[in-house]
Amino acid sequence: MEDILEKAKIGSYVPPIDINDPATNTVPKIFRYQRRKYGNKKVAMRKKNLGIWQEYPWEEGYEHVKKVCLGLVALGLRHGEKVSIVGDNDPEWFWAEWAVQSAGGVAVGLYVDSIPDELQYIINHSESVIVFAKDQEQVDKILSFIEKSPQIRKIIYWEYKGMWKYEQPILISWREVEDLGKEYEKEHPGKFEELIDQTKPEDLAIISYTSGTTGLPKGALASHWTMLSNAYWELIAMPWFEDDDYVSYLPPAWVGEQFFGIAGGLIAGPRINFPEEPETLMENLREIAPKFLIFNPRLWESIASTIQAKMIDAHPFKKFFYNRAQTIGYKRADAELAGKQLSFLGRVINKVADLVVFRCVRDRMGLSGLRFGITGGGPLSPECFRFFRALNVPIRQIFGSSEILPLTAHISGKERDIEGESIGFVAPGREVRITDDNEILGRGDGLCLGYYKDPEKTAETLGDGWYHTGDAGHLTEEGKVIYWDRVKDLLELSSGIKFPPQYVEGKLKFSPYVKDCMVLGGKDRGYVTAIIALDYEICSRWAESHSIAYTTFIDLSQKDEIIKLIREDIGKVNRNLPEAQRVKKFANLHKEFDPDEAELTRTRKLRRTFMEDRYKAITEGMYSDKKEVHVEAAVVYRDGRRAVVKTVIKINKIEE
Amino acid sequence: MTEENELKVEDLWLNFGRIQALRGVTFSINKIELLGIIGPNGAGKTCILNCISGFYRPQKGRIFWRGRDITNLASHKIAPLGIGRTFQTLTLYTGLNVLDNLMAARHIKIKKNLITGALYFKWARDEEIRHRRYVEEIIDFLEIEHLRYRVLGTLPYGMRKRVDLGRALALEPKLLLLDEPMAGMSFEEREDMARFIIDIIEALKIPIIIVEHDMGVITDICDRVIVLDLGQQIAHGTPMEVMNNPKVVEAYIGKKE
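Residues numbered from 1 in each chain as written. Chains lettered and ligands numbered in written order. Predicted model: local features only at pLDDT ≥ 70, side-chain atom pairs only at ≥ 80, totals over all residues.

Enquirer: Where do I start with the overall build of chain A in this structure?
Expert: Helix and strand content of chain A: 22 helices and 28 strands. Taking 26 Å as the expected radius of gyration for a compact globule of 656 residues, we find that chain A reaches 25 Å, a close match to that expectation. Overall size of chain A, expressed as C-alpha extent along the three principal axes, is 80 × 65 × 55 Å. For chain A, the proportion of its 656 residues judged to be buried stands at 46%. For chain A, restricting intrachain contacts to residue pairs at least 6 apart in sequence, the fraction spanning at least 24 positions comes to 66%. (Helix = DSSP H or I, 4+ residues; strand = E, 2+ residues; numbered from the N terminus. Rg over C-alpha atoms; globule rule 2.2 N^0.38 Å. Buried ≥ 20, exposed ≤ 12 C-beta atoms within 10 Å, placed from the backbone. Contact = placed C-beta atoms within 7 Å.)

Following this line, the structure appears as structure tokens:
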């Protein structure tokens, strides 16, 4: 362990592969290199199937990639053509991407829970000629708009269940593609190696479409060099090793998984684990006990609230010990952050708390083997950082985007400075500059090449050689970056004071009863307010244990007891905020925020303008003297039916 | 009797004392077919399933399964013939987890005896692995991986129904009888269940008889429908034909005065 920590220091760790060497300067070339190195001796991937971890050594993966690649060539895939991939995290997803890239094609990742319109936009915008679609559900979505996408030549599926009766000639199974590839190889022996040799670092490797917080998604172009150099610098900032276990859970369509799991995984060569189903993640996590994790803030927050919710239900005996230990842990975490040394007694007590409580909690949540966990894709609240730090689970923030990743990070060697208030140091190999209006700019190796078919946006965001993040923040003297919010999302109050709503939201969301929330303000408004979406599961459990009768979520959300509960939690948050940023009024929404109703993006970011418009009545109510407002909300049910729900929402004041 | 008819029910009569539950029901089912049986409460729908699976003895009439007369066979002898069923009121082991419930259903397929099992000889072990694999395939098919080790009693009703279907599938049925598989389910759960039923027909290529109240589901997925009223078969045909049959409308809604 000591040895690994020593090796993990900045400067002493060098990624095992030189990405400038002509033999290993593209993704397929590194894949080939690793297969030659490990062959059948090392497991590259594991996926749980039929209750058993199925192992795939490098050699086996290579065979699949070879056959699929040649199958694609036999299907007529030419250099530079785009191939879309949509499905859950599976070895097939990774293999498909490598096969496409080996054939000289460009992989475009799509999100599994996208609605057909979203898929159609990206497939057509990227001009994808072949689509990998995991199963019946994804195939159905694509078939629903197939006549509007005439460029699609084939749809390849890799899960056969439910596909028995599909007879459309455009469909072809993964196995059939592999058979085509086998045939092709007989006629053209050595073709696959030849194709790999032909890949060049400046060739396009992927187009990653951003989630579309602002308008239509835009496709960030990444060459092999972009992918590999981003992965390379990431590994230097946060090293991992060939005997590590990694869990691939975040969508491969997301750039973080692309640069980290796929490219970084190729370079460092750890064992990549795929959970059986998204629902079995927590169970599988415990079986794997990974050394290394990358989750989005939402997942970390959900782990934190799962722990808290389970402790609410726990036996009083256990609760007692947990609460004691947590107090001890928080004290330690705070002392560490303040740079203070704990007394000898303090250290002993902490050791005991760790042995008796924290160790068991970590084991339960599958975090026992964790060297460090990474949070990326959004800011994680400082409360959450502090919570995990108290549990002795090291979490590090990574900040970046499709354009450059990582830009800043809690890098190895500076563990002391890991805290939630900053998003870390400027990452190695990167430069950061802050403009006069507080925007964060960044540059470094592997900067995005531009946006596909959007020269205007490219010039605007990347024109001067710096990437304009659109995020506001500031750089401290020690080289740490403090993140505020999106530049355009900073809200101004009528007093002229600017405040970052997301930051306040992060703090509010740490209450186990709050699932989502939106903080409001504005030039014509004198104070801050919040719309709260309750966590139904936890609130209903709380109501049950306090014998509070209710009928529906709508009813529960307006119960006085629940309002009191939320008021207390907001009050706690308020105490740690500057006077001007404190939440003065709030309303419990009658439902949860729902991406299917376009309230959140697919990566669960708030669509603020849309929401303000949608809940106009509530917003206006909170900036008047009203005690309650009547709300009519259009609801789209899962089966497509539409209805209007009428309800009364109480506006609640928070007394100082 | 023609070859295509897997199951043939001829002139079935069933009385409980003076109450006539079934009055001369006759139908047959083909190799790959989904047959729906509908009717108002007390029409005798479940009685038909109970006669086929050997729980009830009809007073008159014959039931043939692949040409063999099974009318008076005991229920434990009918199940091994490949006739699996689910129940309207669940009959699972609530204290066992999902996996054990499904493994228990495999008992009629297990050939080894208590002693080899207890000593865990190689052949007993191999057999268990084989059965476990089959059960795992059912778990995969019904998408209940995340519930594998959950105790049945703690599961919501819709999920228990799914496990009940899994239990019937564990018998490797050649004919599946589903008794109100969608009763008491939410819209989403019903849609899932309908999808599983269609998938079963496509994957296993077996006939299924489904007894159901939900007319929407029946018309959507069934190939053929039989309508019962007071033990009598009042209509028979494709879902559209049956829906437009005046007798059916009368049985459900009543007669126009």
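Enquirer: Would you take a moment to explain the overall build of chain B for this structure?
Expert: The helix and strand inventory of chain B stands at 10 helices and 10 strands. Computed over C-alpha atoms, the radius of gyration of chain B comes to 19 Å, within 12% of the 18 Å expected from 2.2 N^0.38 for 257 residues, which places it in the range of a compact globule. Seen along its three principal axes, the alpha-carbon backbone of chain B occupies a region of about 70 × 40 × 35 Å. Counting across all 257 residues of chain B, residues that qualify as buried make up 35%. Taking the contacts inside chain B whose residues are at least 6 apart along the sequence as the reference set, 66% of them involve residues at least 24 apart.

Enquirer: Before we go on, may I ask you to explain the domain arrangement of chain B in this structure?
Expert: Note: interface size is frequently given as the accessible area lost on complex formation between the parts. Residue and element names in this part refer to chain B. Domain annotation for chain B reports domain 1 (1–82 + 174–257) and domain 2 (92–172). On the domain 2 side, the residues contacting the 10 residues of domain 1 number nine residues. Residue classes in the side of domain 1 that touches domain 2 are distributed as six nonpolar, three polar and one charged. (Domains from an automatic or database assignment. Nonpolar A, V, L, I, M, F, W, Y, C, P; charged D, E, K, R; others polar.)

Enquirer: Help me understand the nonpolar core in this model?
Expert: One broad trend across soluble globular proteins is that nonpolar side chains are buried collectively. Membership of the largest hydrophobic core comes to 177 residues, with the highest contact counts inside it found for A:Cys69, A:Ala99, A:Ala530 and A:Ile532. Of all the elements, helix 9 (residues 224–237) of chain A adds the most residues to this core, at nine residues. Each residue touching A:Cys69, except ones within four places of it in the same chain, is listed here: A:Ala99, A:Ser102, A:Ala103, A:Gly181, A:Phe192 and A:Leu195. Counting 62 residues, the second largest nonpolar core, distinct from the first, contains B:Leu7, B:Val135, B:Leu152 and B:Ile197. (Core = buried A, V, L, I, M, F, W, Y, C linked by C-beta atoms within 7 Å.)

Enquirer: Before we go on, may I ask you to explain the packing of helix 3 (residues 58–74) of chain A against helix 8 (residues 191–198) of chain A in this structure?
Expert: Residues and elements named next belong to chain A. Between helix 3 and helix 8, whose axes approach to 10 Å, the crossing angle comes to 85°. Regarding the angle of helix 3 to helix 8, the classification is roughly perpendicular. Contacts from Lys66, Cys69 and Leu70 in helix 3 reach Lys191, Phe192 and Leu195 in helix 8. The class makeup of the residues in the contact of helix 3 with helix 8 is four nonpolar, no polar and two charged. (Axes fitted to C-alpha atoms, helices over the stretch in contact; angles between N-to-C directions. Parallel < 35°, antiparallel > 145°, perpendicular 65-115°, else oblique.)

Enquirer: Can you walk me through the sheet that holds strand 28 (residues 652–653) of chain A in this structure?
Expert: One key point about sheets: their strands pair by backbone hydrogen bonds, in either a parallel or an antiparallel sense. All names here are of chain A. Strand order in the open sheet formed by four strands is 23-24-25-28, with mixed pairing between adjacent strands. Only two strands of the sheet have a single neighbouring strand rather than two, namely strand 23 (514–520) and strand 28. The sheet contacts of helix 17 (residues 501–508) involve strand 23, strand 24 (528–534) and strand 25 (583–588), and relative to strand 23 the element is tilted by about 150°. (Pairing = 2+ DSSP bridges.)

Enquirer: Would you explain the environment of B:Ser28 in this entry?
Expert: Position of B:Ser28 relative to the elements: it lies in strand 2 (residues 19–29). Residues contacting B:Ser28, with those up to four places away along its chain left out, are B:Asn5, B:Leu7, B:Lys8 and B:Val9.

Enquirer: Could you clarify how one ought to interpret the interface of chain B and chain A in this entry?
Expert: Every contact between the two is made by 13 residues of chain B and, on the other side, 12 residues of chain A. Put simply, the parts of the chain that give the side of chain B that touches chain A at least two residues each are helix 5 (122–141) and helix 7 (187–204) of chain B. A breakdown of the residues in the side of chain B that touches chain A according to their chemical character gives three nonpolar, one polar and nine charged.

Enquirer: For this particular structure, what's the right way to read helix 14 (residues 344–364) of chain A?
Expert: An α-helix turns once every 3.6 residues. As a result, residues three or four positions apart point the same way. Residues and elements named next belong to chain A. Here helix 14 is 21 residues long and its end C-alpha atoms lie 29 Å apart, about the 30 Å a rise of 1.5 Å per residue gives. The largest bend in helix 14 amounts to roughly 50° and is located at Asp354. When we look at burial in helix 14, the residues that qualify are Asn350, Ala353, Val357, Phe358, Val361 and Arg362. Contact partners of the buried residues in helix 14: helix 12 (297–313) and helix 13 (316–337). Of the residues flanking the end of helix 14, it is Gly366, one or two places downstream, whose phi is positive at about 75°. (Expected span 1.5 Å × (residues − 1). Bend = angle between axes of the 7 residues up to and from the residue.)

Enquirer: Help me out: how do you make sense of the sheet that holds strand 19 (residues 467–475) of chain A in this one?
Expert: Residues and elements named next belong to chain A. Spatially, 17-18-19-20 is the arrangement adopted by the four strands of the open sheet, whose pairing is antiparallel. One side of each edge strand has no neighbouring strand; the edge strands of this open sheet are strand 17 (430–434) and strand 20 (481–486). Strand-to-strand twist in this sheet, taken as the mean axis angle between neighbours without regard to direction, amounts to 50°. Here strand 17 runs beside strand 18 (residues 439–444); their pairing, made up of five bridges, is antiparallel. Its bridge partner lying in strand 18, Val432 is registered against Gly442.

Enquirer: I keep staring at the domain arrangement of chain A and nothing clicks. Help me out?
Expert: Residues and elements named next belong to chain A. Split into domains, chain A comes out as domain 1 (2–277), domain 2 (292–368 + 370–487) and domain 3 (490–653). Computed over C-alpha atoms, the centres of domain 1 and domain 2 are 28 Å apart. Taken together, the contacts link 34 residues of domain 1 with 33 residues of domain 2. The set of elements that each furnish at least two residues to the side of domain 1 that touches domain 2 consists of strand 8 (204–209), strand 9 (219–223), helix 9, strand 10 (245–247) and helix 10 (255–268). Sorting elements by how many residues they give to the side of domain 1 that touches domain 2 places helix 9 first, with eight residues.

Enquirer: Even after reading the chapter, I still don't get the pairing of strand 24 of chain A, so can you show me in this structure?
Expert: Two faces, one strand: in a regular strand the side chains alternate between the faces of the sheet. Residues and elements named next belong to chain A. For strand 24, the tally of buried residues reaches seven of seven residues, placing the bulk of the element in the interior. Pairing between strand 23 and strand 24: six bridges, direction antiparallel. By the bridge assignment, Leu520 is partnered in strand 24 with Thr529. Here strand 24 runs beside strand 25; their pairing, made up of five bridges, is parallel. Across the sheet, the residue bridging to Thr529 is Lys585, located in strand 25.

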